[in-house]
Amino acid sequence: MPHALASRATAWMQARGWQPFEFQQSVWSAQARGCSGLLHATTGAGKTYAVWLGLLDRLLNDPDPAGAARTPPLTVLWITPMRALAADSTTALRAPLADLAPAWTLGLRTGDTPSAERARQDRRMPTVLVTTPESLSLLLARDKAPQELAGVRAVVVDEWHELIGSKRGVQVQLALARLRRWQPGLITWGMSATLGNLDEARQVLCGPDGLPDAQPSVLVQGRVDKTLRIDTLIPPDPGRYSWSGHLGSRMQEPVVRELDGAGTALVFTNTRSQAEIWYQLLLQHRPDWAGQVALHHGSLDKAVREWVEAGLKDGQLKAVVATSSLDLGVDFLPVERVLQIGSAKGVARLLQRAGRSGHAPGRPSRITLVPTNTLELIEAAAVREAAQAGRIEPRHSPHQPLDVLVQHLVTVALGGGFQADALFDEVRTAWAYRDLSREAFDWALAFCERGGDSLTAYPDYHRLARDEQGLWRVPDTPQGRATARRHRWGVGTIVSDASLRVKYLNGGSIGSIEEGFISRLNKGDCFVFAGRLLEFVRVHDMTAWVKKATRNKGAVPTWQGGKMPLSTELADAVLEQMALAEAGRFDSPELQAARPMLQTQAQRSRLPRPGVLLAERFRSKEGHHLCLFPFAGRHVHLGLASLLAWRLAREQPNTFSLSVNDYGFELLAADEPDLTRLLDGSVLSTDDLLDHVLASLNAGELAQRRFREIARVSGLVFSGQPGAPRSLRQLQASSGLFFEVFRKYDPGNLLLRQAESEVLSQELEIGRLQQCLQRMAGQRLELVDLTQPSPMSLPLMVERLRERLSTEQLSARLERMLRDLEAAP
């Protein structure tokens, strides 16, 4: 290791009483050699200073930059996935600068940056800029981008595991490809805490191995002895039968007891609706905690979220009920405990949330799982075993999303223009487009130039043109300037259903709620939001106006995309726990608590386990029930249920109702189905799988819904200017019109194909579905005939009944069913 590096970085740490870890020194050594890389280490292990101190030394020693004596131009970009994390990163990066590079300046540029600060940066960029993928794309779209960004020597991407699997990660890949074109020696580092496919993640960030002129890159794994405790809050008498949410409210008092005996704690839920409910449950039980317990999720007003985050950092709050909005690496040092309501559904998510406690080297982390049904007790034991074994889920980059490419072409055209051949070569250095064909690239370019084959007659979609030098640019015309404005307003790949601001009649802002929920309310209806009971008054100017309610109850808003599927790694671990129960081993507290349910399942049916496909059938007044338990997650089970129902009905006409959960699915048939093809395995064939899946589902409607997002990302549909968003109805109408026009007049449109591909890969997980079918075909089928539903099949029936019964009706129905089930021998 170079002496100068050791003296700078080590001395700076030693002055604060710290000794560098071995992995930090490994990063410094790699950076001194000019290597890029990925650092993977546990949350709170010291990743930020490992990457930052080494980069500082490398850049200060390099004769090319101005060094520490005077202020260099923009030299380092630090990319974070969250605005809140950007502010925290800025604070962490600033500390060493005063001692090691006092002349360097540090700035923050996100969507929240005030216009005055952006104007100052426009006059002179700071040496180090902390930003987000969207703000970086906006910088690339400035006409002086080549001059402003060509001097960037290093890029750091924080929380890479959060970005890699999304289109935002593809945005980062394309931005890095652009920066490397301007600066071939660019050093790129990523930081991650929870990834299963580390070598692939490194190549996605740093560029595929073997590319001509590629910078060398390394993988550094930080192994720091850090205590992680994963335990479970065991419910009293979980019973022999259970279903989704069955134990939820019964865990209210045990959760309050845990919080009462702890310091500052985070209580994580998987959905915003759950967060609202649990915030109310805590205050109902302990009204004296008002002001000490807070709520945090992405739909709350920014000022509210910032107040909560500040209260956490200062240790002024006893507990915060939160969603994934607090998953990432914001440092809340006072947090001692984390509670997870329900299953985390994945090993990586559990570890990420556990790391919010003891978020510093040497401090222990603890997460307590709070099951909301008996099967989640088994998941709790499984996730602990999987976490201790390091079985973490991989995350893969999207493959060739053309909507992101179309957006990027307009960005680069605004940022100085491009030559098609050179940009094609550049784009192919990004992992997501490494096998992009020239035909697909030319299609995307033609789509930007004239709107493809079906929009040629409409000038609004003629976004690019070649200038006299042969560069593709956005024309400097009234139409071109309008294109530029719309593009900059719409840059990014984060899309969600249109939201309405929620405000009191006196003007106070509360947050935002999806338009679909508000549209179902009538004047005077009450709902719970931001921990408050509100009465709906009216909608005006994309704002839902409310007042404080005088009633005691109200509906809880629902948001799209709430339920997360069980990961493959965790599903396999659950089956291993089932096998332990089958062998009579109830060693863990969780299996002991679930023992009555597991033994009832074994007595009345069979226990699912590795190598066995359990199927149950029985008859009721509703019809003929067939339940299968592949343990592949709800997304895959939806595709499987639809596929098997379609294949069975093709041989023997029948009507099926479907129900799915993470463990299996139910086919409810009007007539008894012929199961010959299930018994011989032919119904599980992967032949013609793609065609059969598309035929079995309402694929056209699914693709149209997915196309709505693609249309926004690609710039076909304008979401509205800041402060004046278009309504959901307008966006649906616009994207729906394009969808139908393309289907009729431009059937080869690649954005249509992308919509179908994303439905299959993301909503139905077609790859996982195929693997599941192959695994099921190789398993031993155990078909059990029942007279009544088993503990495994009852939750599937409840899922279906929830869709058509009110809460009161469902409770009464379940009470009758449980009486019959418990009375059975």
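Structure: see above.
Here goes a summary of the coordinates provided.

The rules we used
- Residues numbered from 1 in each chain as written.
- Predicted model: local features only at pLDDT ≥ 70, side-chain atom pairs only at ≥ 80, totals over all residues.
- Heavy atoms only, no water.
- Helix = DSSP H or I, 4+ residues; strand = E, 2+ residues; numbered from the N terminus.
- Expected span 1.5 Å × (residues − 1).
- Buried < 20%, exposed > 50% of the residue type's maximum accessible area, 1.4 Å probe, protein only.
- Axes fitted to C-alpha atoms, helices over the stretch in contact; angles between N-to-C directions.
- Parallel < 35°, antiparallel > 145°, perpendicular 65-115°, else oblique.
- Left-handed = near helix turned anticlockwise from the far one by under 90°.
- Contact = heavy atoms within 4.5 Å.
- Nonpolar A, V, L, I, M, F, W, Y, C, P; charged D, E, K, R; others polar.
- Pairing = 2+ DSSP bridges.
- Core = buried A, V, L, I, M, F, W, Y, C linked by side-chain atoms within 4.5 Å.
- Salt bridge = Lys/Arg side-chain N within 4 Å of Asp/Glu carboxyl O.

Helix length check: helix α16 (residues 402-414) (13 residues) gives 18 Å between terminal C-alpha atoms against 18 Å at 1.5 Å per residue, within 8%. Within α16, 13 of the 13 residues are buried, which leaves it mostly tucked inside the rest of the structure. Positive backbone phi, at 110 degrees, marks G416, one or two positions downstream of α16.

The next subject is the packing of helix α6 (residues 133-140) against helix α9 (residues 167-182). α9 packs onto α6 with a crossing angle of 40 degrees between their chain directions and a minimal axis gap of 10 Å. In terms of orientation, α6 lies oblique with respect to α9. With respect to the hand of their crossing, α6 and α9 are arranged in left-handed fashion. Along the contact surface, α6 presents P133, E134, L136, S137 and L140, while α9 presents R168, Q171, V172, A175, R178 and W182. Class assignment of the residues belonging to the contact of α6 with α9 gives a composition of 6 nonpolar, 2 polar and 3 charged.

On the basis of which strands lie adjacent, the open sheet formed by 6 strands has the order β8-β13-β12-β9-β11-β10 and parallel pairing. Only two strands of the sheet have a single neighbouring strand rather than two, namely β8 (228-232) and β10 (293-296). The mean inter-strand angle of the sheet, taken between neighbouring strand axes irrespective of direction, is 20 degrees. With 4 bridges connecting them, strand β9 (residues 264-268) and strand β11 (residues 319-322) associate as parallel partners. Note on β11: the bridge partner recorded for V267 is V321.

One recurring pattern in soluble globular proteins is that nonpolar side chains are buried together. With 81 residues, the main nonpolar core has Y433, F707 and L716 as its most contacted residues. Sorting elements by how many residues they give to this core places α16 first, with 9 residues. The contacts of Y433, once residues within four sequence positions are left out, are V170, L174, Q400, P401, V404, L405, V427 and R428. Grouped together as the second largest cluster of nonpolar side chains are 65 residues, I230, W243, L350 and L375 included.

Evaluation of the coordinates by the stated rule reveals 44 salt bridges. Here K313 makes a salt bridge to D88, at a shortest N to O gap of 2.3 Å. One end of the pair, K313, is in helix α13 (residues 302-313); the other, D88, is in helix α4 (residues 83-100), with 225 residues separating them in the sequence. Among the residues examined, K313 registers a relative accessible area of 37% and is labelled partly exposed. The residue R202 makes a salt bridge to D199 at a minimum N-O spacing of 2.8 Å. Here D199 and R202 lie together in helix α10 (residues 198-206), a separation of 3 residues that amounts to about one turn. For R202, a relative accessible area of 6% corresponds to the buried category. By relative accessible area, D199 is classed as partly exposed at 40%. Each of R109, D122, R142, K144 and E148 takes part in salt bridges that share partners, so that together they form one network.

A word on the sheet that holds strand β1 (residues 36-41). Two pairing modes exist for strands in a sheet, parallel and antiparallel, and in both the strands are linked by backbone hydrogen bonds. Across the sheet, 7 strands lie side by side as β3-β4-β2-β5-β6-β1-β7; this open sheet has parallel pairing. Each edge of the open sheet carries a strand with a single partner, namely β3 (106-109) and β7 (217-222). Put simply, the sheet's adjacent strands are angled 15 degrees from each other on average, direction ignored. As defined by bridge partners, β1 adjoins β7 across 6 bridges and the pair is classed as parallel. The residue of β7 that forms the bridge with L39 is V220. Helix-sheet contacts for helix α2 (residues 22-32) involve β1, β6 (187-192) and β7, and the interaxial angle to β7 is about 170 degrees.

Any link to function would need more than the numbers given here.
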